[in-house]
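Fold and geometry: a report
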Amino acid sequence: MKINQNTVLQGKKVTLVPYTSAHVSRYHEWMKSEELQRLTASEPLSLEQEYEMQRSWQEDADKCTFIVLDTERWSGHTGTEEDCMVGDVNLFLTDMEDPTVGEIEVMIAEPSCRGQGFGKETTLIMMFYGVMKLGITKFEAKVGQENEASISMFKKLHFKEVAVNRVFQEVTLKLDVNEQQRQWLLEQTNHVEEKNYNVLNLQTCASET
């Protein structure tokens with residue numbers, strides 16, 4: 001999605017940056033994992049296909065994607081941006097007749113970063129962005145039945161389980177953002193800083209020269 005191609009959202013644990021070609025190689029390595037393929041209901045792609053997918057996600061009007069970085073490592077400049085990657089988050093506009101509906105999908109790919117609140121903060125920041133920038137008022141999440149940690153996380157964020165698909169072994173959870181939920185979300189994300197991706201990259205290049 002073009003709207004977020006220059007947006008950085010920095011939280012305490014995670015920082016969301018646009019998905020660029022520089023991230024594809026690491027992402028491709030992640031998706032060779034059978035566990036991640038199972039948890040995300042994904043098929044393995046070739047590296048060339050992964051680059052094509054990255055380009056399409058950047059251009060498509062119905063997909064908003066960020067790469068999730070470890071804020072501590074990224075802000076401390078302890079390695080390249082690729083070294084700081086821990087996962088990704090997507091928001092799909094699934095109902096063309098109702099642009100206020102968004103399906104959210106979160107993946108913390110690095111095993112060492114799971115169970116530490118990375119997924120929770122990532123989800124909250126993406127929800128904040130969806131509400132404030134994209135006009136989303138209804139969120140949906142589809143999670144594999146075996147992914148109990150993810151189901152529990154969404155429920156802690158006020159999502160309600162509304163359906164179970166036995167065929168696809170998938171649980172659907174939903175959240176309608178009323179005014180009370182909106183205020184709660186703003187409180188949960190009042191620490192998030194929005195920055196300019198191009199400016200940050202220029203500053204990094206300047207500091208390295």
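Everything numeric in this text was worked out from a predicted model, so none of it was measured.

To continue, consider the sheet that holds strand S6 (residues 138–144). With mixed pairing, nine strands are arranged side by side in an open sheet as S7-S8-S6-S5-S4-S3-S2-S1-S9. Where the open sheet ends on each side, the last strands, each with one partner, are strand S7 (160–165) and strand S9 (193–196). Shown here is a sheet whose adjacent strand axes are inclined to one another by a mean of 25 degrees, direction ignored. Packed on one face of the sheet, helix H6 (residues 148–156) meets strand S5 (101–108), S6, S7 and strand S8 (170–176) and runs near 160 degrees to S6.

The subject of this paragraph is the pairing of strand S4 (residues 85–92). One face of the sheet, then the other: side chains in a regular strand alternate in exactly this way. Of all eight residues making up S4, eight are buried, and the element is well covered by its neighbours. Where strand S3 (residues 63–70) lies against S4, seven bridges are found, and the strand directions are antiparallel. The residue of S4 that forms the bridge with Phe 66 is Val 89. The pairing of S4 with S5 spans six bridges and is antiparallel. Of the residues in S5, the one forming a bridge with Leu 91 is Ile 104.

The next point concerns the UniProt feature "domain: N-acetyltransferase" (unreviewed entry) in the protein. Sites flagged by UniProt as "domain: N-acetyltransferase" (unreviewed entry) map to residues 14–160. Summarising residues 14–160: 39% helix, 25% strand, and an end-to-end C-alpha distance of 25 Å.

This part covers the packing of aromatic side chains. Summed over all chains, the structure comprises six aromatic pairs. Plain terms: the ring middles of Tyr 27 and Trp 30 are 6.1 Å apart, the flat faces sit at 65 degrees to each other, and that makes the pair edge-to-face. Here the residue Tyr 27 and the residue Trp 30 both occupy positions in helix H1 (residues 24–30), the gap between them amounting to three residues, near one helical turn. Judged on exposure class, the residue Tyr 27 and its partner Trp 30 are both buried. Here Trp 57 and Phe 92 contribute two aromatic rings whose centre-to-centre distance is 6.3 Å and whose plane-to-plane angle is 85 degrees, an arrangement assigned as edge-to-face. On the criterion of sequence distance, the pair formed by Trp 57 in helix H3 (residues 47–59) and Phe 92 in strand S4 is long-range, its members being 35 residues apart. Of the two residues, Trp 57 and Phe 92, both sit in the buried class. In textbook terms, an aromatic cluster arises when at least three aromatic residues are bridged by ring pairs, as seen for Tyr 19, Tyr 27, Trp 30, Trp 57 and Phe 92.

With that settled, consider the environment of Gln 145. Considering the arrangement of structural elements, one finds Gln 145 in the loop between S6 and H6. Residue Gln 145 is classed as partly exposed on the basis of its relative accessible area of 28%. Separated by 106 residues in sequence, Gln 145 and Leu 39 have C-alpha atoms that sit 9.2 Å apart.

Counting across every chain of the model gives eleven salt bridges. One salt bridge connects Lys 63 with Asp 60, and the closest N-O pair in it is separated by 2.7 Å. Put simply, Asp 98 and Lys 138 hold a salt bridge, and the shortest N to O gap is 3.3 Å. Residue Asp 98 is located in the loop between S4 and S5, and its partner Lys 138 is located in strand S6; the two are separated by 40 residues in the primary sequence. Overlapping salt bridges, with partners in common, bring together Asp 60, Asp 62 and Lys 63 in one network.

Quick notes on the rules
- Residues numbered from 1 in each chain as written.
- Predicted model: local features only at pLDDT ≥ 70, side-chain atom pairs only at ≥ 80, totals over all residues.
- Heavy atoms only, no water.
- Pairing = 2+ DSSP bridges.
- Helix = DSSP H or I, 4+ residues; strand = E, 2+ residues; numbered from the N terminus.
- Axes fitted to C-alpha atoms, helices over the stretch in contact; angles between N-to-C directions.
- Contact = heavy atoms within 4.5 Å.
- Buried < 20%, exposed > 50% of the residue type's maximum accessible area, 1.4 Å probe, protein only.
- UniProt positions renumbered as here; feature names shortened; annotations may be inferred.
- Phe/Tyr/Trp six-rings, centres within 6.5 Å; stacked < 30°, edge-to-face > 60°.
- Salt bridge = Lys/Arg side-chain N within 4 Å of Asp/Glu carboxyl O.

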